[in-house]
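# Commentary on secondary and tertiary structure
Each chain, letter by letter, is given below.
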Amino acid sequence: MKWYYGKLLRVNLAEKSYTVDEIPEELFTNYLGGRGLGSYLLLEHVQADIDPLSEENKVIFTNGFTTGTSMFGSSRYAVFSKSPQTGLFGEATSGGKVAPALHSTGYDAIILEGASAAPVYLEINDREVIFHSAEHLWGKETYETEDTVLREVNTPKAQAVVIGPAGENLVSFACIENNYWHSAGRSGIGAVLGSKKVKALVFYGESKTSVVNPELLQELMKEMAATGKDHAGVKAYRRLGTTQMVAAMNAAKAFPNRYWRDAYYSHWEKISGETLLENFEVKPTACPKCFISCSKKTTVKTGRHKGLTIEGPEYETIFVFGGLCLIPELDEIIYLNDLCDRLGMDTITAGNLIGLVMEAGQLGRIPVKLEYGDVEGAAQLLRDIADRRGVGQVLARGIKEAAKEWGLEDLAIHVKGMEPAGYDPRPLKGMGLAYATSSRGACHLRASFYKPELSGMIDRKTTQGKAEMLIDWENRLTIFNTGTLCQFFRDLLEWPNVERLVYAITGLEYHKDKLSEIANQIVTNTRIFNAREGATKQEDTLPPRFFKEPVNNGQDRITVEELQFMVDEYYKLRGWDDSGYPVHEEG
Amino acid sequence: MTLEASFGTSKIGADNIGVNCGTMLYNEVKQFRINHSIAEGKIKMENQVTLKLNYPLNEYVAQNELKLQFSEGTTLGDLFLKEGIPSDSVGFAVLNDTMLHLNYRLQNGDFIRVFPLVNGG
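Residues numbered from 1 in each chain as written. Chains lettered and ligands numbered in written order. Predicted model: local features only at pLDDT ≥ 70, side-chain atom pairs only at ≥ 80, totals over all residues. Heavy atoms only, no water.

### Section: helix α9 (residues 244-251) of chain A
The condition is simple: Think of it in three bands: residues with accessible area under 20% of the maximum for their type are buried, residues over 50% are exposed, and the middle band is partly exposed, with areas taken using a 1.4 Å probe on protein chains only. Elements are defined by DSSP. Helices are runs of H or I of four residues or more, strands are runs of E of two residues or more, and each kind is numbered from the N terminus. Residue contacts follow a heavy-atom distance rule, with two residues in contact if any of their heavy atoms lie within 4.5 Å.
In terms of residue burial, α9 of chain A counts as a mostly covered element, since eight of its eight residues are buried. Restricting attention to buried positions, one finds in α9 of chain A the residues Gln 244, Met 245, Val 246, Ala 247, Ala 248, Met 249, Asn 250 and Ala 251 of chain A. The secondary structure elements touched by the buried residues of α9 of chain A are α8 (232-240), α11 (315-324) and α18 (450-454) of chain A together with β3 (90-95) and β5 (111-116) of chain B. Lys 253 of chain A, located one to two residues past α9 of chain A, shows a positive phi value of around 55 degrees.

Following this line, the structure appears as structure tokens:
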């Protein structure tokens, strides 16, 4: 038994058939798995210039090299496609309980090809693929869909990924949901599933891979558990989860609010993690094989949403609805979070779009009046987006299209069609570089570079040395993503431990230089995908407002020249040419 | 005279407090010693700093907010060391709009908010 299966399942949705292909060993030694395998297969199997919502696009699920092992943080899956949101490389990952079930089907990767004529859901195990009608599920929200397909498949270890009405209606930022509240959120891959009429996938099986050096893995995990026991970061995650960032980002004056007008929110305490703990019933929960327990199962105790329970809200959802939309009530944010989860849409993009409408309306730039702080107006707009009604029809196409149609290109905040997360790049210039150069759009997880910038590892206001440090972080986290390993273990797995982890599971004696080389090739592959779609250096930039509008009373700004300096350095260190794109090599 | 020296010369040294005394008693004793030192003129009253410690850094001192006296030249890093707050657990510290480094020299009246290693999504 090896550490990988060497098997690729290809499902033909049009013909309701499937084949199993071998995956050559060199793909695993070259790319390890997860993002490495997924980005390679995307490049290989998806032709250039296709419509992301046509039957020619594909959806690729992958395991990482840690999936199916006992490793902490290994219960995550990754999914890839050409993004309908950006028209470029699309990727999303999600925690919860699905990854071990997906892994137990006996495939390293699953590719969905073509499109079904009628709604289906797939039951995939290590013996067969069963195509079930999903006519009775079409139009249903995500929670009900998940419950129904799991009940119908009726297998104890089965887990499901589903889409909601937003995915069915091809909303460009529709996500994939699992375990009710876990989302493969970004890039709009839920819409690609919708275009293929795939409402859900259910995974289970008995297949296993082996760990090459199990004793070494146990030793590493034992050390991590010991370090994690009193680790301040772990403790903060366990108590507050990502909500801890509300206080931190406001203290750092990098908390975007009033649709990116300000970076400090005077009402931040009302939406902080401490306020959540004080006023709500909050229970820490964990994905399987995790001791951090970052997730918070939260129940509203009073008011009009009394009894409403979600896992969350995460910092990013608080930032968009609390910050960008100026809704300073956690129960209302939870309400909007729940609505997005039910409809199956990414909260970061959804909240950014609502904020754009609020700002544009206030400026009289669009004939829509939605006041800042209007919860019910926001909720109605979310439903209208999911159902593609009225203004929602425009927003469903994504921010790039909406800004173009409404003449708001100067106002809309996005990179390559994807909106940034809750880290303002004006006080955090390295985040500006990360947003600008990320292949999937304004991604905060590529390198989570706010961490070194806030901790003073590098001066957040400087541009010197930013590219070099960003690449080091991006490379390390890219290796995390080849393992589909949760990034929240990043403080416990510096490079030496990453080397040990790779060696323990795969037996590959790769040191930092080799792993960085692998990471560089993976990042380069995503760039090749984008270059093939016609993306150029012009797209590696930030929204114009970030250059024109300083925040914090004019103290924090980023200039075109500063970004250009960092981007040029980034290209050089990645080994790319001056245009920022590697020469495209077929295959 | 440094804060360290002041503590060191106290009859009730921090090291003499048994581990079973409990954190509350530890802090009460420490405050007594500070007051005592002020009364003796060992610490100038005007040199006071407030640290607002975010979870879990507050656990090291069992308080969310510490008011501390310090002597001229004391840095933020010195203060963390003195108070038993591991600087590698500190993510960042902020004074008004300014992010501080460990070598920041404390000023009278500073109100410094201290955060652990930050962990976003």
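### What about the sheet that holds strand β13 (residues 280-285) of chain A?
Residue and element names in this part refer to chain A. Rules: Strands pair, by our definition, only if DSSP identifies at least two bridges between them. The axes are straight lines fitted to the C-alpha atoms, using for helices just the contacting stretch, and the angles between their N-to-C directions are given from 0 to 180°.
Spatial ordering of the open sheet is given by β13-β14-β15, a layout of three strands whose pairing is antiparallel. Because the sheet does not close on itself, it has two edges, and the strands there are β13 and β15 (309-311). Neighbouring strand axes in the sheet, compared pairwise and without regard to direction, differ in orientation by 20 degrees on average. With three bridges joining them, strand β14 (residues 295-300) and β15 adopt antiparallel strand pairing. Bridge assignment links Thr 298 to a residue of β15, and that residue is Ile 310.

### Notes on the nonpolar core
Defined as follows: To qualify as a nonpolar core, a set must consist of buried Ala, Val, Leu, Ile, Met, Phe, Trp, Tyr and Cys residues joined through side-chain atoms within 4.5 Å.
By size, the foremost hydrophobic cluster in this structure holds 111 residues, and its most contacted members are Met 345, Leu 382 and Tyr 423 of chain A together with Phe 92 of chain B. When residues no more than four places from it in sequence are discounted, the contact partners of Leu 382 of chain A are Phe 321, Leu 336, Leu 339, Cys 340, Leu 343, Met 345, Ala 350 and Ile 354 of chain A. Core analysis: the second largest hydrophobic core is formed by 56 residues, Ile 23, Leu 37, Cys 486 and Phe 488 of chain A among them.

### Some points on the domain arrangement of chain A
Residues and elements named next belong to chain A. Put simply, the test is: Boundary definitions for the domains trace back to an automatic or database domain assignment. Values labelled buried area give the accessible surface lost by two parts on being combined, using a 1.4 Å probe and summing over both. For this document, the term salt bridge refers to a Lys or Arg side-chain nitrogen within 4 Å of an Asp or Glu carboxyl oxygen. Contacts described as polar in this section are N or O atom pairs within 3.5 Å, which, within protein, must combine one atom able to donate a hydrogen with one able to accept it, while residues neighboring in sequence count only if both atoms come from side chains. Amino acids outside the nonpolar list (Ala, Val, Leu, Ile, Met, Phe, Trp, Tyr, Cys, Pro) and the charged list (Asp, Glu, Lys, Arg) are all regarded as polar, and Gly is one of them.
With domains assigned, chain A is organised as domain 1 (7-203), domain 2 (232-406) and domain 3 (429-491 + 511-574). Distance from the C-alpha centre of domain 1 to the C-alpha centre of domain 2: 26 Å. Facing 35 residues of domain 1, the contacting portion of domain 2 comprises 29 residues. Carbon and sulfur atoms supply 56% of the area buried between domain 1 and domain 2, which totals about 2,500 Å² over both sides. In terms of surface lost to domain 2, no three residues of domain 1 exceed Tyr 143, Phe 173 and Trp 181, which account for 29% of the buried area on that side. Counting across the interface, domain 1 meets domain 2 through two salt bridges. A salt bridge links Arg 186 to Asp 346; its shortest N-O distance comes to 3.1 Å. Run the count over domain 1 and domain 2 and you get 19 residue pairs in polar contact (both at pLDDT 80 or more). Elements that contribute at least two residues to the side of domain 1 that touches domain 2 include exactly α4 (142-153), α5 (165-168) and β11 (182-184). The biggest single contributor to the side of domain 1 that touches domain 2 is α5, with three residues. Here the residues of the side of domain 1 that touches domain 2 are counted per class, giving 13 nonpolar, 18 polar and four charged.

### Some details on unusual backbone geometry
With an omega dihedral of 0 degrees, the bond running from Gly 312 of chain A to Pro 313 of chain A counts as a cis peptide bond. With respect to the helices and strands, the residue Pro 313 of chain A is situated in the loop between β15 and α11. The omega torsion across Tyr 55 of chain B and Pro 56 of chain B is 0 degrees, close enough to zero to call that bond cis. Tracing the sequence through the fold places Pro 56 of chain B in the loop between β1 (48-53) and β2 (65-69). Its identity as a non-glycine residue notwithstanding, Ser 187 of chain A has a phi of 85 degrees, on the positive side.

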